[in-house]
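Chain and residue survey
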Amino acid sequence: VTRSMRARIAGIRWVQTNVACSGLNPCASPETADITVPAGQTAMLALRGRALPAADQRVLAAFAARTSRVTLGTAALLPALRNPILTANQLLSLDLLSEGRLTVAVGAGFAGRSEPEFAFAGVPWARRRARLDDIVALWRAAWSGEKSFHGSVLHHDSLPVFPAPARPGGPPVWLAAYTPGALE
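Residues numbered from 1 in each chain as written. Predicted model: local features only at pLDDT ≥ 70, side-chain atom pairs only at ≥ 80, totals over all residues. Heavy atoms only, no water.

With that out of the way, let us pick up the overall build of the chain. Within the chain one finds four helices and eight strands. When each of the 184 residues of the chain is scored for burial, the buried share is 43%. Counting only contacts in the chain whose residues sit at least 6 apart along the sequence, the fraction spanning at least 24 positions is 68%. Entry remark: accessible area of the chain is about 9,600 Å², with carbon and sulfur atoms responsible for 58%. (Helix = DSSP H or I, 4+ residues; strand = E, 2+ residues; numbered from the N terminus. Buried < 20%, exposed > 50% of the residue type's maximum accessible area, 1.4 Å probe, protein only. Contact = heavy atoms within 4.5 Å. Areas by Shrake-Rupley, 256 points an atom, 1.4 Å probe, with all protein chains shown as cover.)

A separate point is the side chain of Gln90. Looking at the element boundaries, Gln90 is found in helix α2 (residues 84–97). Here Arg82 takes part through its side chain, which lies 3.1 Å from a polar atom of the side chain of Gln90. (Polar contact = N/O pair within 3.5 Å; in protein donor to acceptor, adjacent residues only side chain to side chain.)

Once that is clear, we can look at the pairing of strand β5 (residues 102–106). Within a regular strand, the side chains alternate between the two sheet faces. Of all the five residues making up β5, five are buried; the element is thus mostly covered by neighbouring parts of the structure. Of the two faces of β5, the one carrying Leu102, Val104 and Val106 and the one carrying Thr103 and Ala105 are both buried. With respect to chirality, the unit in which strand β4 (residues 71–77) leads through α2 into the neighbouring parallel β5 is right-handed. As judged from the three bridges shared by β5 and strand β8 (residues 173–175), these two strands associate in the parallel manner. Looking at the pairing, Val104 lines up with Val173 of β8. (Right-handed = clockwise from strand over helix to strand, strands pointing away. Pairing = 2+ DSSP bridges.)

A separate point is the packing of aromatic side chains. If you walk through the whole model with that rule in mind, you get two aromatic pairs. Measuring from ring centre to ring centre gives 5.1 Å for Phe118 and Trp125, while their planes differ by 90 degrees; the resulting arrangement is edge-to-face. Sitting over the ring of Trp125, Arg128 keeps its end group 3.8 Å from the ring centre. (Phe/Tyr/Trp six-rings, centres within 6.5 Å; stacked < 30°, edge-to-face > 60°. Lys NZ or Arg CZ within 6 Å of the ring centre and 35° of its normal.)

Take helix α4 (residues 128–143) next. Helix length check: α4 (16 residues) gives 22 Å between terminal C-alpha atoms against 22 Å at 1.5 Å per residue, within 8%. Looking only at α4, the buried set comprises Arg128, Ala130, Arg131, Leu132, Asp134, Ile135, Val136, Leu138, Trp139, Ala141, Ala142 and Trp143. For α4, the elements touching its buried residues are α2, β5, α3 (115–121), β6 (149–150), β7 (155–156) and β8. Downstream of α4 by a residue or two, Gly145 has a phi angle that is positive, lying close to 85 degrees. (Expected span 1.5 Å × (residues − 1).)

The next point concerns the packing of α2 against α4. As a packed pair, α2 and α4 sit with axes 10 Å apart at the nearest point and diverge in direction by 60 degrees. It follows from the interaxial angle that α2 and α4 lie oblique. In this structure, α2 crosses over α4, and the sense of that crossing is right-handed. For the pair α2 and α4, the contacting residues are Pro84, Ile85, Thr87, Ala88, Leu91 and Leu92 in the first and Ile135, Leu138, Trp139 and Trp143 in the second. (Axes fitted to C-alpha atoms, helices over the stretch in contact; angles between N-to-C directions. Parallel < 35°, antiparallel > 145°, perpendicular 65-115°, else oblique. Left-handed = near helix turned anticlockwise from the far one by under 90°.)

As a further point, take the confidence of the model for the chain. Of all residues in the chain, 68% attain a pLDDT of 70 or more, and the chain-wide mean is 76. Averaged over each element, pLDDT in the chain is lowest for strand β1 (residues 3–9) (31) and highest for β6 (98). The low-confidence segment residues 1–34 (pLDDT under 50) makes 76 contacts with residues lying over four places distant or belonging to another chain. (pLDDT = per-residue confidence, 0-100.)

Our next topic: α2. Residues spaced three or four apart along an α-helix face the same direction, because each turn holds 3.6 residues. Under the 1.5 Å per step criterion, the end-to-end length of α2 is 20 Å for 14 residues, consistent within 8% with the ideal 20 Å. Along α2, the residues that are buried comprise Pro84, Ile85, Thr87, Ala88, Gln90, Leu91, Leu92, Leu94 and Asp95. Its side-chain oxygen at 2.8 Å from the backbone nitrogen of Ile85, Asn83 defines the N-terminal cap of α2. One or two residues past the end of α2 sits Glu99, with phi positive at roughly 55 degrees.

Encoded structure:
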């Protein structure tokens, strides 16, 4: 671990951890990093990924495998930019590896900043909140063993079979929001 930043969020001590990085592979081997949890540390937050990049998944997986009491969390993901089934599978894998210690934060994008990303991904900006609601509901449905999902935006006649999550219903999903409209 090359750098740590601590902050107090809702009374929980979080640490942002970046693994030594070099070259084109941003985090070559988090599995071999010296993972030392400071005394009193209760949570670790991966802060780089609006789309849960592979490097953040590897860091969270390394922490999950090498710790037993630390709650793991994602930064505010923008799940509308990713395949919701693939993301459900990735999050479930981290949840199972951590034995239920994963917390997921999601957001609908940043006005004035995220519109080009949504356009590039083919996601209508005006429907982003409905899509976010559907994605989280789809994750819950998939993690609960539902066979299909039909929301206001997303429709899947067939969902893959996933193993049961570590906790009933899967990891907690928190809404990351900055504006009152996002909380509606």
